[in-house]
Amino acid sequence: MLPFIRRDLNQLQAYVPHPGGISGSLVQPIDSLDRLDTNECPYDLPETLKQKLAWAYQHQIETNRYPDGSHASLKIAISQYVNTNFPGSQASITPEQISVGNGSDELIRALLIATCLGGEGSILVANPTFSMYGILAETLGISVVKVNRLETDFSIDLEAATRTIQSTQTPPIRIVFVVHPNSPTANPLTPDELNWLRTLPEEILVVIDEAYFEFSQTSLAGELSLHPNWMILRTFSKAFRLAALRVGYGIAHPQFIAVLEKVRLPYNLPGFSQLAAEFALCHQAELLSVIPEILAQRQQLAADLAQQSRWKIWPSASNFLYIRPQFEDASRMPDTLEQFRQNLKSQGTLIRHTGGGLRITIGTPAENQRTWQRMMKL
């Protein structure tokens with residue numbers, strides 16, 4: 001290791017993106033693979049909308065000028081979307097409560113800097129969950145405290161989490177990260193988990209990642225006014241089909257948003273990404289119209305897989321399924337799962353081996369059918 005690099009980085013593992021078309025020593029054309037490993041929407045932007053977006057880029061973006069560093073018009077559009085797409089209640093979110101990032105990852109990094117850096121605090125995660133919380137914290141030298149989830153429904157072991165928070169920690173826990181619904185296990189927060197989050201003290205930031213809100217239609221945005229220590233994260237990478245353009249946003253108390261603005265990089269979101277996000281919100285009805293099909297396909301794939309008793313399939317509130325084979329000898333599982341993933345990849349389907357199970361993104365009807373048929377043969 002080079003002598004000027006922090007010694008602790010040598011012990012860290014980087015986030016591993018999906019493997020693309022690489023299969024052993026061969027490289028398959030990426031278009032020939034069914035990519036069900038990254039929880040993306042299986043559909044690209046419609047061609048007509050792409051053409052309109054290209055026209056808007058040509059006529060509205062000056063590439064020799066910096067983009068709007070305040071994201072003013074995008075924040076207005078996001079606040080309108082949040083307030084009019086909130087099931088069961090009326091949210092009242094203002095642009096001053098919104099921070100925009102180059103993907104949610106940048107927002108996660110910013111809130112870690114704002115709360116825990118310099119030995120000020122550590123974070124609590126319940127595994128399995130989205131790995132970037134821990135990865136980003138460790139790259140900043142922030143301690144990651146881990147608790148388990150219950151095997152029955154993958155809810156957080158609340159007794160262990162409570163004991164951990166109440167114990168003498170140096171540094172103390174300053175952030176609790178949860179995903180609603182969780183990735184990779186697809187379960188929404190339970191009533192007990194929600195009540196637990198509501199009781200956490202104000203010196204702890206509660207980060208509720210709603211990356212899959214459009215699929216679950218469950219949100220805690222309506223409670224933000226009651227909890228100044230809560231922050232909700234969302235993304236345009238999933239249901240809005242803009243994964244390639246990296247747009248995420250956070251909703252929180254205006255004072256916390258103002259602090260995040262201090263640590264955010266200037267001009268962090270390219271002009272084209274801002275334009276595309278506003279464009280997606282303007283065409284939200286068309287872009288989100290495929291969600292009922294995706295949810296129906298999720299139910300169908302789960303039913304197809306259930307025909308084989310070898311799989312344990314957990315209920316899903318999102319656009320993916322989480323499954324594990326049912327072995328009498330549990331020690332065989334990790335090697336078997338990785339071998340299964342590799343074999344399925346050689347047949348043309350990419351899925352994710354994570355958290356001790358397999359996560360399958362719901363694709364198009366044809367992709368789902370091929371995946372099921374391939375899995376039945378292995």
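Residues numbered from 1 in each chain as written. Predicted model: local features only at pLDDT ≥ 70, side-chain atom pairs only at ≥ 80, totals over all residues. Heavy atoms only, no water.

This part is about the confidence of the model for the protein chain. Overall, the prediction assigns the protein chain a mean pLDDT of 91, with 92% of residues at 70 or greater. Across residues 20-27, where pLDDT falls below 50, the model places 12 contacts with residues more than four positions away in sequence or in other chains. (pLDDT = per-residue confidence, 0-100. Contact = heavy atoms within 4.5 Å.)

Right, let's get into helix 2 (residues 72-84). Here helix 2 spans 19 Å end to end across 13 residues, near enough to the 18 Å set by a 1.5 Å rise per residue. Within helix 2 the residues assigned to the buried category are Leu 74, Lys 75, Ala 77, Ile 78, Ser 79, Tyr 81 and Val 82. (Helix = DSSP H or I, 4+ residues; strand = E, 2+ residues; numbered from the N terminus. Expected span 1.5 Å × (residues − 1). Buried < 20%, exposed > 50% of the residue type's maximum accessible area, 1.4 Å probe, protein only.)

Counting 79 residues, the largest nonpolar core has Ile 78, Leu 124, Val 176, Trp 196, Leu 197, Phe 236 and Leu 305 as the members making the most contacts within it. Ignoring any residue separated from it by four or fewer positions in sequence, one finds Leu 305 in contact with Trp 311, Ile 313, Leu 321, Ile 323, Ile 360, Trp 372 and Met 375. Leu 111, Ala 137, Leu 140 and Ile 142 belong to the second-largest nonpolar core, a separate cluster that totals 27 residues. (Core = buried A, V, L, I, M, F, W, Y, C linked by side-chain atoms within 4.5 Å.)

We now examine the packing of helix 5 (residues 158-166) against helix 6 (residues 191-199). In contact at an axis separation of 11 Å, helix 5 and helix 6 are set at 15° when each is read in the N-to-C sense. Viewed along their axes, helix 5 and helix 6 adopt a mutual orientation that is roughly parallel. The element helix 5 and its partner helix 6 pack so that their crossing is right-handed. On the side of helix 5, the interface is formed by Leu 158, Ala 161, Thr 162 and Ile 165, while helix 6 contributes Asp 192, Glu 193 and Trp 196. Among the residues forming the contact of helix 5 with helix 6, the class breakdown is 4 nonpolar, 1 polar and 2 charged. (Axes fitted to C-alpha atoms, helices over the stretch in contact; angles between N-to-C directions. Parallel < 35°, antiparallel > 145°, perpendicular 65-115°, else oblique. Left-handed = near helix turned anticlockwise from the far one by under 90°. Nonpolar A, V, L, I, M, F, W, Y, C, P; charged D, E, K, R; others polar.)

Moving on to unusual backbone geometry. Note that the residue after Asn 127, namely Pro 128, is joined by a cis bond; omega there is 0°. With respect to the helices and strands, Pro 128 occurs in the loop between strand 5 (122-127) and helix 4 (132-139). At His 71, a position not held by glycine, the phi torsion is positive, near 55°. Within the secondary structure layout, His 71 lies in the loop between helix 1 (47-60) and helix 2. By relative accessible area, His 71 is classed as buried at 0%.

Counting buried residues along strand 9 (residues 230-235), 6 of its 6 residues qualify, which places the element largely inside the surrounding structure. Every second residue of strand 9 is oriented toward a common face, with Trp 230, Ile 232 and Arg 234 on one face and Met 231, Leu 233 and Thr 235 on the other, all of them buried. Sheet topology places strand 9 next to strand 10 (residues 248-252); 5 bridges connect them, and they run antiparallel. Across the sheet, residue Arg 234 finds its bridge partner in strand 10, namely Tyr 249. (Pairing = 2+ DSSP bridges.)

What follows concerns the environment of Leu 378. Along the chain, the position of Leu 378 falls in the segment after helix 13 (365-377). The class for Leu 378 is partly exposed, based on a relative accessible area of 33%. Sequence separation of Leu 378 and Phe 177 is 201 residues, and the distance between their C-alpha atoms is 36 Å. If sequence neighbours within four positions are ignored, Leu 378 has contacts with Arg 310, Phe 340, Asn 343 and Leu 344.

Turning our attention to the packing of aromatic side chains. Scanning the model with the defined rule gives 12 aromatic pairs in all. With centroids separated by 5.2 Å and ring planes inclined at 70°, the aromatic side chains of Tyr 212 and Phe 320 adopt a geometry described as edge-to-face. Within this pair, whereas Tyr 212 is found in the loop between strand 8 (205-209) and helix 7 (213-216), its partner Phe 320 is found in strand 12 (residues 320-325), the two being separated by 108 residues in sequence. Of the residues examined, Tyr 212 reaches a relative accessible area of 5% and is grouped as buried. Residue classification places Phe 320 among the buried positions, given a relative accessible area of 0%. Arranged with centres 5.8 Å apart and planes meeting at 45°, the rings of Trp 314 and Tyr 322 form a pair that is tilted. Each member of the pair, Trp 314 as well as Tyr 322, carries the same accessibility label: buried. Pairwise contacts between aromatic rings join Tyr 81, Phe 236, Phe 240 and Tyr 249 into one cluster. A cation over an aromatic ring shows up here: Arg 234 above the ring of Phe 213, its NZ or CZ 3.8 Å from the ring centre. Note that Arg 359 overlies the ring of Phe 320, its terminal NZ or CZ placed 6.0 Å from the centroid. (Phe/Tyr/Trp six-rings, centres within 6.5 Å; stacked < 30°, edge-to-face > 60°. Lys NZ or Arg CZ within 6 Å of the ring centre and 35° of its normal.)

Glancing now at the sheet that holds strand 7 (residues 173-179). Spatial ordering of the open sheet is given by 4-10-9-8-7-5-6, a layout of 7 strands whose pairing is mixed. Both outer strands of the open sheet, strand 4 (98-101) and strand 6 (144-148), are each paired with one neighbouring strand and no more. Shown here is a sheet whose adjacent strand axes are inclined to one another by a mean of 25°, direction ignored. Against the sheet, helix 2 touches strand 4, strand 9 and strand 10, its axis set at about 115° to strand 4. Relative to the sheet, helix 6 contacts strand 5, strand 7, strand 8 and strand 9, its axis offset from that of strand 7 by approximately 155°.

Turning our attention to the environment of Asp 68. Mapped onto the elements, Asp 68 comes out in the loop between helix 1 and helix 2. Each C-alpha atom of the pair Asp 68 and Tyr 267 lies 6.9 Å from the other, and the pair is 199 residues apart in sequence. Excluding residues that lie within four positions of it along the chain, Asp 68 makes contacts with Ser 73 and Gln 274. Among the polar contacts listed, one links the side chain of Asp 68 to the side chain of Ser 70, at a separation of 2.7 Å. (Polar contact = N/O pair within 3.5 Å; in protein donor to acceptor, adjacent residues only side chain to side chain.)

The element strand 15 (residues 357-361) is largely enclosed, with a buried count of 5 among its 5 residues. Burial along strand 15 is two-sided: the face carrying Gly 357, Arg 359 and Thr 361 and the face carrying Leu 358 and Ile 360 are both buried. With 4 bridges connecting them, strand 12 and strand 15 associate as antiparallel partners. Across the sheet, the residue bridging to Ile 323 is Leu 358, located in strand 15. Looking at chain direction, strand 14 (residues 352-354) and strand 15 are connected through 3 bridges and run antiparallel. Of the residues in strand 15, the one forming a bridge with Thr 354 is Gly 357.

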